[in-house]
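# Structural overview
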Protein chains: 2
Amino acid sequence: MGTVLTIISGVSTPWTDHARERLVSSGHRAGGARERVVALLSEQRCCLSAQDIHARLDREIGLASVYRALDTLTRLQLVSRVDVEGTACYEPAGPGGDHHHHAICGDCGRLDPFEDPELERLIDRAGERLGYALRAHDLVLHGRCPECARVHSP
Amino acid sequence: MGTVLTIISGVSTPWTDHARERLVSSGHRAGGARERVVALLSEQRCCLSAQDIHARLDREIGLASVYRALDTLTRLQLVSRVDVEGTACYEPAGPGGDHHHHAICGDCGRLDPFEDPELERLIDRAGERLGYALRAHDLVLHGRCPECARVHSP
DNA sequence: ATAGTTGCAAAACCTTTGCAGTTAA
DNA sequence: TTAACTGCAAAGGTTTTGCAACTAT
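Predicted model only: the values in this text are computed from it and were never measured.

### Concerning the sheet that holds strand β3 (residues 87-92) of chain B
Residue and element names in this part refer to chain B.
- Strand order in the open sheet formed by three strands is β1-β3-β2, with antiparallel pairing between adjacent strands. Of all the strands in the sheet, just β1 (48-49) and β2 (79-84) have a single pairing partner and so form its edges.
- Relative to β3, β1 runs antiparallel, the two being bridged by two bridges. The residue bridging S49 from the neighbouring strand is C89, located in β3.
- Contacts from helix α3 (residues 32-42) reach β1, β2 and β3 within the one sheet, and its direction differs from that of β3 by about 80 degrees.

### Re the side chain of D138(B)
- Tracing the sequence through the fold places D138(B) in strand β6 (residues 133-144).
- Look at D138(B): it is buried, it has no salt bridge, and the nearest opposite charge is R81(B) at 7.2 Å.
- When sequence neighbours within four positions are dropped, the list of residues in contact with D138(B) reads D138(A), L139(A), V140(A), H142(A), R81(B), V82(B) and D83(B).

### Quick word on the interface of chain A and chain B
- If you look at the interface, chain A gives 39 residues, while chain B gives 38 residues.
- The junction of chain A with chain B conceals about 3100 Å² of combined surface from both sides, 57% of it contributed by carbon and sulfur atoms.
- When the area that chain A buries against chain B is broken down by residue, the three leading residues are L122(A), Y132(A) and R135(A), summing to 20%.
- At the surface where chain A touches chain B, the tally comes to four salt bridges.
- Joining chain A to chain B, the criterion identifies 16 residue pairs in polar contact (both at pLDDT 80 or more).
- Bridge count between strand β6 (residues 133-144) of chain A and β6(B): 11 bridges; the pairing is antiparallel. Each bridged residue has a counterpart across the sheet, and for R144(A) the counterpart in β6(B) is A133(B).

### Looking at the pattern of salt bridges
- Under the defined criterion, the tally for this structure stands at 20 salt bridges over all chains.
- The closest approach of N and O atoms between D107(B) and R135(A), which form a salt bridge, is 3.2 Å. Within this pair, whereas D107(B) is found in the loop between β4 (101-105) and β5 (111-114), its partner R135(A) is found in strand β6, the two belonging to separate chains.
- For R135(A), a relative accessible area of 41% corresponds to the partly exposed category.
- Among the ionic pairs, R150(A) bridges to E147(A), the shortest N-O distance being 3.5 Å. Taken as a pair, R150(A) and E147(A) lie in helix α7 (residues 146-152) at a separation of three residues, close to a single helical turn.
- Classification of E147(A) by relative accessible area gives partly exposed; the value is 42%.
- What emerges from the salt-bridge pattern is a single network uniting D17(A), R20(A) and E35(A).

Procedures and definitions
- All residue numbers refer to position in the chain's written sequence, counted from 1.
- Naming scheme: in the order in which they are written, chains are lettered from A and ligands are numbered from 1.
- The predicted nature of this model means local features are confined to residues of pLDDT at least 70 and side-chain atom pairs, given and counted, to a pLDDT of 80 or more, with totals for whole chains, interfaces and linings taken over all residues.
- Hydrogens and waters are ignored; side-chain quantities use all the structure's heavy atoms.
- Only strands that DSSP links by at least two bridges are regarded as paired with each other.
- In this text, helices come from DSSP runs of H or I with a minimum length of four residues, and strands from runs of E with a minimum of two, each type numbered from the N-terminal end.
- What makes two residues a contact is simply this: any of their non-hydrogen atoms within 4.5 Å.
- Lines fitted to C-alpha atoms define the axes, with helix axes restricted to the stretch in contact, and inter-axis angles between N-to-C directions lie between 0 and 180 degrees.
- A 1.4 Å probe rolled over the protein chains alone gives each residue an accessible area, and that area as a share of the maximum for its type sets the label: buried under 20%, exposed over 50%, partly exposed in between.
- Positive charges come from Lys and Arg alone, negative charges from Asp and Glu alone, with His and the N- and C-terminal ends not counted.
- Definition used for salt bridges: Asp or Glu carboxyl oxygen within 4 Å of a side-chain nitrogen of Lys or Arg.
- In short, buried area is how much 1.4 Å probe accessible area vanishes from two parts on joining, totalled over both.
- Here a polar contact is taken to be a pair of N or O atoms separated by no more than 3.5 Å, where protein atoms must pair a possible hydrogen donor with a possible acceptor and residues adjacent in sequence count only if both atoms sit in side chains.

So, in structure tokens, the structure goes:
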């Protein structure tokens, strides 16, 4: 039963709880692989790619299962997908999952998450203006981070 | 010489001119393949993937050359790259190239470009706050377009 | 002559899919 | 028992790279 899995994974947060509920209520069954993906995602401060997740789980679960879990979670809007440098990255979304955007340093590859409520508001308004029923959005800034700027132009 | 190529391609806009200048001034030589990519890009109202470009040029130039041209142009900040549904799309950027964002309909795949000066301002401010020297940014909205909304929930 | 450009084919990635076995409910 | 879940291996896409020939300067 779900409780057992919760204990096994050792992770329970508002987001994992919400995710597990929604999975069950949409006809999904508890499964070890997906549960580990959920648990891992809930512990991240920022997004991970499928390959990242596979590696951090010590390759104990199949890569295909990671992709399938992410696909399911994305469809249920439990995680949001961000395209970073040609690869898809995922992070918790919806209730309990904090929403933010990303800035990537083109020099060192560093990825900084950031929040901006005003930006959110403006994005929603843009969606309305276009007549779109928005499900998600992602914003990625590209540039040079403070560290690299210090080194290259002192 | 450059003039000849300009005549051959038959395309001259503020953006193509700027691009050709910048290419030369950064040590690049005129080449048929890249010139055709530049000419094609300048005629688009929205972004194209490398494969799109290859197809629209009737496969007369190698796919690898398209990728290489796009890579060069991106590095010189003459085109901006947007990740759309797992594939990279490119469009003119910088002087003469108009900047906009994209909304994608998850149902029909339609892609709507849109502009929003206020959003630009806010994004720039976010960059400053993070201490980033911004080179580019891309925002993609995901949702259901007005057309699809009409059909599915009348 | 030098160094950038190109096309082709091969390789490297990321992601999806088919299938057979396993497992939750 | 049924339908979901999983791992593996194969397949499908996109993008990159090695290499030899070509060409603008």
